[in-house]
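Letter by letter, the chains look like this.
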Amino acid sequence: MEKGRETAAMSGINYAALFAATPSPYLVLGPDLVIVEVNQAYLDATRRTRDDLIGRHIFDAFPDNPADPEADGVRNLNASLHRVLTSREPDTMALQKYDIPLMGRPGVFEERWWSPVNTPIPGPDGSVAWIIHRVEDVTAFVQARAGGDRPPTGQLTEREALEAELYARARELQRLNEELRLAHTRERQVAVTLQEAMLQSPDLARHREVAVRYLPAAGSLNVCGDWYDMVDLPDGRFAVAVGDVVGHGLEAAAAMGMLRSALSAAIRALERPAQALEVLGLYARSVEGALNTTAVKALVDPRSRLIIYSNAGHPPPVLVHADGSYDLLDQATDPPLGARPQHVPRPQAGLAYYPGDTLVLYTDGLIERRDEDIDAGLSRLTEALSRFRALSPERLADALLAHLGLTGGARDDIALIITRL
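Residues numbered from 1 in each chain as written. Predicted model: local features only at pLDDT ≥ 70, side-chain atom pairs only at ≥ 80, totals over all residues. Heavy atoms only, no water.

Comments concerning the overall build of the protein chain
Stage number 1. A tally of helices and strands in the protein chain yields 12 helices and 19 strands.
Stage number 2. Relative to its 421 residues, the protein chain shows a buried fraction of 45%.
Stage number 3. Surface accessibility of the protein chain: about 21300 Å² in total, with carbon and sulfur atoms responsible for 54%. (Helix = DSSP H or I, 4+ residues; strand = E, 2+ residues; numbered from the N terminus. Buried < 20%, exposed > 50% of the residue type's maximum accessible area, 1.4 Å probe, protein only. Areas by Shrake-Rupley, 256 points an atom, 1.4 Å probe, with all protein chains shown as cover.)

Dropping the structure here:
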């Protein structure tokens, strides 16, 4: 941002004045869809003042027309804005009917048609910092076409013929886009069902103080290679795990399903995290796409208040204490599965905990950012965990993702399991 200011200063261009004077209507939204800036053309097009809009959620400022049962402006614009937040790519909407309320006349709406484009502005960490919502008011054109407004001869001028053709194509594009989105929604729902089936963990139902989250990489079909798991063992002990298969899509998801099941079976039979990961490493050599998978397994023993863990190339789990301090579980780290040509026993370590501590396992999508050292992401994570440590696991998971700007997903998959001990 500082570099941008310096460039603007050197060029002598007043970008604030340029934005204010731009003839096309522009609205700037934060990632929470609250209006943060607006230019004069937008105020003129909507007959609003800055005080009417700045600081308001866009759909509070512009709700659907309650008198129109077919109004879909809020739904379509909301879908477009969330596509931008998720994909970090511009989204051009089809021609959209979106009536606006008349100021000073409660409950009265004016028919308006718009041609909108939503464009993301990235922040320093690559996430969407703002969205530019640009619109063109095409109401007069649409109403003229609908009303059959033609010259007395009944013949269209060349310009009117071109406008009519563009309008017809826009409406057809809108119909085809809607069909594609419905098809994509059905495909994504199948993928979600598949992923949920593979991530089922029946023992989770017996632990109210455990929260799990799974977010696929932005732009994926919701099937990826990250996983979480929880397994109950005899004498009140239980084991938690996360893992990360290289890649995205169905192939990574298939490898993930096999490795997750194998690790779940291994910990039940062997009960030692290091041995379970050794078995998983041997098995990974026979599974296509499984090599270089990372995973971490932690066994919690409430009787001795001890966490026993082993790590195969994965980011370290975090144990957050009630006073805000924390420990990284980084004393038993080894290379990823299949990284060594010969089998070597894996290390294992233990760490004591106190009642009320919180154990957090996660995959690298939670902390990694483009052009940033992973230690910076780890520091950001531990700071957020310390800040929100008093929340319940469910609320902590939501607060953590929101604080890290990951509610809508990231460039990489994310699996997260939070356990209040």
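Further notes follow.
Looking at empty space enclosed by the protein
Stage number 1. Counted under the stated rule, the structure contains 2 cavities of 30 Å³ or more.
Stage number 2. Taken together, 13 residues make up the lining of the largest cavity; nearest its centre are Y42, L77, Y98, W114 and H133.
Stage number 3. When grouped by side-chain class, the residues that make up the lining of the largest cavity number 10 nonpolar, 3 polar and no charged.
Stage number 4. Counted as a void, the second largest cavity has a volume near 120 Å³.
Stage number 5. Contributing to the lining of the second largest cavity are 14 residues, with R285, G338, H343, V344 and R346 lying nearest its centre.
Stage number 6. At 4 residues, helix α10 (residues 273-284) tops the list of elements feeding residues into the lining of the second largest cavity.
Stage number 7. Residue composition of the lining of the second largest cavity, grouped by class: 5 nonpolar, 4 polar and 5 charged. (1 Å grid on protein atoms, 1.4 Å probe; cavity = no way out; pocket = protein on both sides within 12 Å on 5 of 7 lines; lining within 4 Å. Points joined across faces, edges and corners; volume = space filled by probe spheres on them. Nonpolar A, V, L, I, M, F, W, Y, C, P; charged D, E, K, R; others polar.)

Side note on helix α11 (residues 374-387)
Stage number 1. Taking 1.5 Å as the rise per residue, α11 with 14 residues should run 20 Å; its terminal C-alpha atoms sit 20 Å apart, in good agreement.
Stage number 2. All of the buried residues in α11 are G377, L378, L381, T382, A384, L385 and S386.
Stage number 3. Measuring from the side-chain oxygen of the N-cap residue of α11 to the backbone nitrogen of D375 gives 2.7 Å; that N-cap residue is D373. (Expected span 1.5 Å × (residues − 1). Polar contact = N/O pair within 3.5 Å; in protein donor to acceptor, adjacent residues only side chain to side chain.)

A short note on the side chain of E278
Stage number 1. The residue E278 is located in helix α10 in this model.
Stage number 2. The charged side chain of E278 is buried without a salt bridge, its nearest counter-charge being R272 at 6.0 Å.
Stage number 3. Among all residues touching E278, those that are not within four sequence positions of it are H343, P345 and R346. (Lys, Arg positive; Asp, Glu negative; His and termini not counted. Salt bridge = Lys/Arg side-chain N within 4 Å of Asp/Glu carboxyl O. Contact = heavy atoms within 4.5 Å.)

Focus: the packing of aromatic side chains
Stage number 1. Counting across every chain of the model gives 2 aromatic pairs.
Stage number 2. On the basis of an interplanar angle of 55 degrees and a centroid distance of 6.2 Å, the ring pair of F19 and Y26 is categorised as tilted.
Stage number 3. Residue F19 is classed as partly exposed on the basis of its relative accessible area of 21%. (Phe/Tyr/Trp six-rings, centres within 6.5 Å; stacked < 30°, edge-to-face > 60°.)

Digging into the nonpolar core
Stage number 1. Counting residues in each nonpolar core, the largest one holds 48 residues, and the members touching the most others are W227, Y228, V240, I307, L359 and I417.
Stage number 2. Other than its neighbours up to four places away in sequence, Y228 contacts L199, L204, V212, R213, Y214, A241, V242, R260, A415 and I417. (Core = buried A, V, L, I, M, F, W, Y, C linked by side-chain atoms within 4.5 Å.)

Quick notes on the sheet that holds strand β18 (residues 358-362)
Stage number 1. Taken in spatial order, the 5 strands make up an open sheet running β9-β19-β18-β14-β15, and their pairing is antiparallel. Sheet topology places β9 (210-215) and β15 (326-328) at the edges, where each strand pairs with a single neighbour. Taken over all neighbouring pairs, the strand axes of this sheet differ in orientation by 15 degrees on average, direction set aside.
Stage number 2. Bridge analysis of β18 against strand β19 (residues 414-420) gives 5 bridges, and the strand direction is antiparallel. Across the sheet, V360 pairs through a bridge with I418, a residue of β19.
Stage number 3. Strands β14 (318-320), β15 and β18 of the sheet are contacted by α11, whose axis makes an angle of about 25 degrees with β14.
Stage number 4. Its contacts with the sheet place helix α12 (residues 393-403) against β9, β18 and β19, and it is angled at close to 30 degrees to β9. (Pairing = 2+ DSSP bridges. Axes fitted to C-alpha atoms, helices over the stretch in contact; angles between N-to-C directions.)

Side note on helix α6 (residues 73-87)
Stage number 1. For α6, with 15 residues, the first-to-last C-alpha span of 21 Å sits near the 21 Å given by 1.5 Å per residue.
Stage number 2. By the burial criterion, the buried members of α6 are G73, N76, L77, S80, L81, V84 and L85.
Stage number 3. Where α6 is buried, its residues touch β1 (26-29), α5 (58-61), β3 (91-92), β4 (96-97), β7 (113-122) and β8 (128-137).
Stage number 4. Following α6 by one or two positions, R88 has its phi on the positive side, about 60 degrees.

Overview of the confidence of the model for the protein chain
Stage number 1. Residues at a pLDDT of 70 or more form 83% of the protein chain, whose mean pLDDT is 83.
Stage number 2. In this model residues 150-156 is a low-confidence stretch, pLDDT under 50, and it forms 5 contacts with partners more than four residues away in sequence or in other chains. (pLDDT = per-residue confidence, 0-100.)

Quick word on the environment of R208
Stage number 1. On the secondary structure map, R208 appears in the loop between α8 (158-198) and β9.
Stage number 2. Residues R208 and P393 lie 185 residues apart in sequence; the distance between their C-alpha atoms is 8.9 Å.

Some details on a nonpolar patch on the surface
Stage number 1. On the surface, I13, Y15 and L18 cluster together to form a nonpolar patch covering roughly 290 Å² of accessible area.
Stage number 2. With respect to the helices, strands and loops of the structure, Y15 is situated in helix α2 (residues 15-21).
Stage number 3. When its relative accessible area of 44% is taken as the criterion, Y15 is described as partly exposed. (Patch = residues over 30% accessible without salt bridge, like charges linked within 9 Å, V, L, I, M, F, W, Y side chains within 5 Å.)

Structural notes on the pairing of strand β13 (residues 306-312)
Stage number 1. Extensive coverage of β13 is indicated by the burial of 5 of its 7 residues.
Stage number 2. Here 7 bridges tie strand β12 (residues 294-301) to β13, and the two strands are oriented antiparallel to one another. For V296, the partnering residue across the bridge sits in β13 and is N311.
Stage number 3. Joining the antiparallel neighbours β12 and β13 is a turn of 4 residues, in which R305 adopts a positive phi near 50 degrees.
Stage number 4. By the bridge criterion, 4 bridges tie β13 to strand β17 (residues 349-352) in an arrangement that is antiparallel. Paired with I308 across the bridge in β17 is G350.
Stage number 5. Two elements, β13 and strand β16 (residues 333-334), share 2 bridges in a ladder whose sense is parallel. Paired with A312 across the two strands is D334, which belongs to β16.

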